[in-house]
Amino acid sequence: MSLMGLRPAEVCGLRRSDVDFEAGTIAAGDNTRTLVDGEIEEKEAKSAAGKRGLPMPGTVAKALKAFHTLQKQERLKAGDVYVDSGYLLVDELGQPQRTDWLRRRVYELMAKVGVRKVRPYDARHACLTYLAGVGVPDVVLAAWAGHADGGTLAKRVYVHPDSSHLKVAAEHLESGLFG
């Protein structure tokens, strides 16, 4: 979910009912779970643009189905102590998770597989940078990010061009201006 550009609070706030496998969509932003002064705060998106239905890539659908199967096994193993909270991201007993839990788990996984430690929120930056780099129009980028500004904020805050983007720009100059 983070690799789809969702905010950690959106990932933690997703409910199973937000995922529609038949339609191939995820309803993002309907609910967020953030940690404020040690307490969980649940709320809707700040704006109407923050509530968005995102198309679900096949890889994500496959991963979510496998995760759902794992959760069914955990539910059976836990028996009566399992809480059916309705959330997508839950612990082995069905309790919904917090952004600090998600961050710790991501860091543990990064250490386990030997990759550089980056903040989970940076996955949002990476996703939006990738989408901008492959030519997704600003207005679509803003809609994907849940912004109402038409793409200005999304590009200014989340898009971080690197040398590969500059090479593409040079190729466009070569074929257009100089070619």
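Residues numbered from 1 in each chain as written. Predicted model: local features only at pLDDT ≥ 70, side-chain atom pairs only at ≥ 80, totals over all residues. Heavy atoms only, no water.

Visitor: Got a minute to help me understand the nonpolar core in this structure?
Guide: Most often, soluble globular proteins keep nonpolar side chains buried together rather than apart. Core analysis: the largest hydrophobic core is formed by 25 residues, its most contacted members being I26, M56, L64 and W144. For this core, the leading source of residues is helix α4 (residues 121-133), giving four residues. Ignoring anything within four residues of it in the chain, the contact list for M56 reads V19, D20, F21, G24, T25, I26, A61 and L64. (Core = buried A, V, L, I, M, F, W, Y, C linked by side-chain atoms within 4.5 Å. Buried < 20%, exposed > 50% of the residue type's maximum accessible area, 1.4 Å probe, protein only. Helix = DSSP H or I, 4+ residues; strand = E, 2+ residues; numbered from the N terminus. Contact = heavy atoms within 4.5 Å.)

Visitor: Would you mind going over unusual backbone geometry with me for this structure?
Guide: For residues besides glycine, phi is generally negative; the peptide bonds are generally trans as well. Positive phi values are uncommon outside glycine, yet D37 reaches one of about 50 degrees. Inspection of the secondary structure assignment puts D37 in the loop between β3 (32-36) and β4 (39-43). With relative accessibility at 78%, the residue D37 sits in the exposed group.

Visitor: Sorry if this is basic, but what is going on with the pattern of salt bridges here?
Guide: Between side chains of opposite charge, pairing is possible as soon as their charged atoms come close. This structure, assessed with the given rule, holds 11 salt bridges. A salt bridge links R15 to E42, with the shortest nitrogen-to-oxygen separation between them at 3.7 Å. Of this pair, R15 sits in the loop between α1 (8-13) and β1 (19-20) while E42 sits in strand β4, placing them 27 residues apart in sequence. According to the relative accessible area criterion, E42 is partly exposed, its value standing at 35%. Measuring nitrogen to oxygen at the nearest pair gives 3.5 Å for the salt bridge that ties E41 to K43. (Salt bridge = Lys/Arg side-chain N within 4 Å of Asp/Glu carboxyl O.)

Visitor: I would appreciate a short explanation of the sheet that holds strand β2 (residues 25-28) in the present structure.
Guide: Sheets are built from strands paired through backbone hydrogen bonds, the pairs being either parallel or antiparallel. Pairing within the open sheet is antiparallel, and its three strands lie in the order β1-β2-β5. Edge positions in the sheet fall to β1 and β5 (52-55), since each of these pairs with one other strand and no more. Note that β2 and β5 share four bridges and pair antiparallel. Looking across to β5, one finds that A28 is bridged to R52. (Pairing = 2+ DSSP bridges.)

Visitor: Honestly, the layout of surface pockets in this entry has me stumped. Any pointers?
Guide: Roughly 1,000 Å³ of internal volume is contained in the largest pocket. Taken together, 26 residues make up the lining of the largest pocket; nearest its centre are M1, L89, L102, V106 and L109. At the level of elements, α2 (58-78) and α3 (99-113) are the ones that each hand at least two residues to the lining of the largest pocket. By volume, the second largest pocket is sized at about 570 Å³. Along the wall of the second largest pocket there are 24 residues; nearest its centre are R7, A9, T34, K46 and Y121. At three residues, the largest contribution of residues to the lining of the second largest pocket is made by α1. (1 Å grid on protein atoms, 1.4 Å probe; cavity = no way out; pocket = protein on both sides within 12 Å on 5 of 7 lines; lining within 4 Å. Points joined across faces, edges and corners; volume = space filled by probe spheres on them.)

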